[in-house]
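What follows is the residue order along each chain.
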Amino acid sequence: MNIFSRLIVPFIVFCGISSAATAQYSSTNWDSILSNQNYYDPIPNLVAWQAVTTSPGGLSNPISVGDSTTWAFGPVVNGQWTGTAVGNIFYDGTTTEQDLNLSGSINTEGVWKILFTNTSSGDVTIGVGKMVFVNGVWSPLAQTIGNPTLSLAHWAYNVPYDPAVTTPPAADLYQTYPSVTSPAYQWIGGTTWKMQNASLFGSTNWGTLTFSGFNNGHIWGSGAGPANSSVSSFTTLGNVTPNGDVLLGFLSNGVMSAMWGTIASNPFYSVMNLADYGYGTTTGIANGNTATLTYYTQLGIDTNNSLIQTANALQGQFGNQQNAVITGLTYDCNLFGKNNVCISTGGRNTLNSDPTINTVSALLIGGYRINNAFRVGAYLDQNLSATSPNGITNMSNSTPMGGIFGVWNQKTDGAGLEIKTSLGYNSKDMTVTRPVVGTSEAGSGSTNLTSQGAAINFKYGIELGNKAIVSPYAGLRYTTTKMAGYTEGASSSVLYPLAYSSLSMNATTALAGIGATYKLDEQWSFMGSG
């Protein structure tokens with residue numbers, strides 16, 4: 001895998017908590033809080049949205065109604081209880097009352113499930129939710145969606161009360177506008193998401209879902225399945241609470257399903273992780289089906305494109321610095337004076353393409369001949385200038401590259417066996433500035449790029465006459481380059497700085513080839529290898 005793909009979005013990964021409930025929970029944590037308690041829906045939560053699934057538009061064409069439901073719990077033992085409920089639905093001037101029996105359970109974390117059974121029809125509606133602390137009291141934050149043909153989606157903070165003292169508000173007091181509940185998720189209206197839902201599509205490929213409407217935490221819309229799916233289109237109705245709990249119903253080809261889970265969001269990216277919670281059953285037993293919805297904001301899309309360019313620039317710098325170390329591993333100094341010392345100076349110009357990086361360096365190599373068979377040496381390679389690809393990366397030239405080497409040779413003239421080992425090290429500070437693409441920000445941060453290398457080479461020189469030597473060689477080389485993790489700085493123009501983990505690139509290379517030396521006279525020689 002290309003290590004630079006790690007820079008590309010999803011650049012912030014969420015692990016959404018699947019909230020699929022089992023058939024029955026068990027916990028004593030909430031027994032005293034819930035036992036013999038009564039709850040009602042406060043006025044801000046009386047509004048619900050209802051769709052006739054057989055009508056044109058299905059779930060995507062709902063109407064607002066009033067829903068006032070009261071709960072009466074019996075004793076709660078080990079997180080399980082029974083009780084009764086009365087539901088009142090107000091629409092078009094008429095209130096319809098439903099008497100319900102309920103059976104509930106709750107786990108240690110306060111996640112609960114209630115099965116509401118209509119005493120007349122026997123229909124079962126499953127409510128799911130979590131206990132939340134609101135205005136100094138624990139309240140069940142509830143979400144429901146009914147079965148077709150009439151599908152009603154509702155969420156509410158259920159408020160504890162004493163029936164002898166308080167009269168719950170009537171369903172006709174509901175208010176559709178202004179949309180004041182769950183305002184943090186109003187942005188969902190009008191957005192298009194990618195969706196993976198194998199149980200709906202019959203495929204693990206991604207479809208799309210557009211939420212065309214939002215009101216008081218209720219959302220609805222329509223979507224399309226992936227190519228070659230058994231589902232070409234579908235509609236949805238559900239709700240999202242201020243806590244980020246999501247309940248969505250899906251309707252396709254007259255078949256209804258629903259899933260519950262969570263939403264996690266940041267300025268770049270949002271994800272909904274959903275799971276079946278037993279919808280459509282009379283037992284509340286989940287079937288294990290899951291769904292994932294993802295959405296990228298324009299800032300997220302533009303930032304991703306900016307990161308792609310940044311990754312390409314970093315890849316060029318990785319390659320340029322690692323190539324410099326590889327070149328350094330070949331440095332040698334083998335022309336000695338009477339003091340057995342060798343000094344060599346020179347320059348290096350390296351041109352890398354895509355992106356273009358042009359480096360000009362000065363180098364100093366020193367060697368010492370211990371005896372006729374063994375020599376050691378070291379080198380320094382100092383960048384004088386280096387271009388910055390696309391202005392994205394800027395390398396410091398303050399620290400030179402360095403290394404050491406040792407050579408054993410059978411003969412001083414290059415004939416026979418020669419063994420060379422070498423080590424190289426190159427570390428430079430680097431500033432990385434993301435390019436601005438559309439709405440993306442020019443986030444900038446400082447890091448360090450460090451390259452190291454080691455090589456061993458075996459060469460055997462074969463004399464051809466008295467002026468030429470041909471030298472087959474083989475060897476092994478190891479190189480590693482690592483960029484330290486860093487965080488961009490925040491400023492008035494960079495409101496969402498990004499953090500990056502470290503990146504590393506390692507390579508072990510087997511070497512083989514042939515070299516040649518031609519001695520023109522005592523002062524001039526020509527060398528080449530391949």
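Chains are numbered independently. Their residues run from 1 in the order of the written sequence. Thresholds applied to this predicted model are a pLDDT of at least 70 for local features of residues and 80 or more for the giving and counting of side-chain atom pairs; totals over whole chains, interfaces and linings are not thresholded and use all residues. Each side-chain value is derived from all of the structure's non-hydrogen atoms; neither hydrogens nor water enter the calculation.

Engineer: Can you explain the pairing of strand β15 (residues 245-252)? Please cite residues and give values.
Structural biologist: The classification of residues rests on relative accessible area computed with a 1.4 Å probe and restricted to protein chains. Under 20% of the type maximum is buried, over 50% is exposed, and intermediate values are partly exposed. Numbering goes from the N terminus for both helices and strands, where a helix is a DSSP run of H or I of at least four residues and a strand is a run of E of at least two. Of all eight residues making up β15, eight are buried, and the element is well covered by its neighbours. Burial of the side chains of β15 extends over both faces: Asp245, Leu247, Gly249 and Leu251 are buried on one face and Val246, Leu248, Phe250 and Ser252 on the other. What makes two strands pair is DSSP finding at least two bridges between them. As defined by bridge partners, strand β14 (residues 233-240) adjoins β15 across six bridges and the pair is classed as antiparallel. Its bridge partner lying in β15, Thr236 is registered against Phe250. In this structure, the hairpin formed by β14 and β15 is closed by a connection of four residues, where Gly244 is found at a positive phi of approximately 85°. Where β15 meets strand β16 (residues 255-265), eight bridges bridge the pair, whose relative direction is antiparallel. Looking at the pairing, Leu247 lines up with Trp260 of β16. Following β15, the chain reverses through two residues before pairing antiparallel with β16; Asn253 in that reversal takes a positive phi of roughly 55°.

Engineer: Could you give an account of the state of the cysteines, with specific residues and numbers?
Structural biologist: What makes a disulfide is a covalent bond joining the sulfur atoms belonging to two cysteines. Our working definition of a disulfide is a cysteine sulfur pair at a distance within 2.5 Å. The final tally for this structure, using the stated rule, is one disulfide. Two residues share a disulfide in this structure: Cys333 and Cys342, whose sulfurs sit 1.8 Å from each other. The disulfide joining Cys333 to Cys342 has a torsion of about -80° about its S-S bond and is therefore left-handed. Comparing Cys333 with Cys342 shows no difference in burial state: the two are buried.

Engineer: I'd like a rundown of the environment of Asn29, residues and numbers included.
Structural biologist: Structurally, the position occupied by Asn29 is in the segment before α1 (31-34). A relative accessible area of 44% means that Asn29 is categorised as partly exposed. On a C-alpha basis, the gap between Asn29 and Asn107 in space is 8.0 Å, while along the polypeptide they are 78 residues apart.

Engineer: So what's going on with the packing of aromatic side chains? Residues and values would help.
Structural biologist: Both the distance between ring centres and the angle between the ring planes are used here to describe each pair of aromatic rings. Side-chain rings of Phe, Tyr and Trp, where Trp is taken by its six-membered ring, are said to pair if the distance between their centres is within 6.5 Å; with planes under 30 degrees apart they count as stacked, over 60 as edge-to-face, and otherwise as tilted. Inspection of every chain in the model, using the stated rule, returns 23 aromatic pairs. Summarising the aromatic geometry, the rings of Trp49 and Trp220 are spaced 4.5 Å apart at their centres and angled 35° between planes, so their arrangement reads as tilted. Of the two residues, Trp49 is situated in strand β2 (residues 47-52) and Trp220 in strand β13 (residues 218-224); the sequence distance between them amounts to 171 residues. Each member of the pair, Trp49 as well as Trp220, is classed as buried. Judged by centre distance (6.4 Å) and plane angle (55°), the ring pair of Phe90 and Tyr174 falls under tilted. Here Phe90, found in strand β4 (residues 80-91), pairs with Tyr174, found in the loop between β10 (159-161) and β11 (192-196); they are 84 residues apart in sequence, far enough to count as distant. For Tyr174, a relative accessible area of 21% corresponds to the partly exposed category. Each member of the aromatic cluster is reached from another via a ring pair, and the members are Tyr39, Trp71, Phe73, Trp81, Trp112 and Phe116. Over the ring of Trp206 we find Lys194; its NZ or CZ atom is 5.1 Å from the centre of that ring. By definition, being over a ring means that NZ of Lys or CZ of Arg is both within 6 Å of the ring centre and within 35 degrees of the ring normal.

Engineer: An account of the sheet that holds strand β17 (residues 269-275) is requested, with residue identities and associated values reported.
Structural biologist: The eight strands are arranged β11-β12-β13-β14-β15-β16-β17-β18 in a closed barrel whose pairing can be described as antiparallel. Taken pair by pair, the neighbouring strands of this sheet meet at an average axis angle of 30°, ignoring direction. As judged from the six bridges shared by β16 and β17, these two strands associate in the antiparallel manner. The residue bridging Thr262 from the neighbouring strand is Asn273, located in β17. Lines fitted to C-alpha atoms define the axes here, with helix axes fitted over just the stretch in contact, and angles between the N-to-C directions of these axes take values from 0 to 180 degrees.

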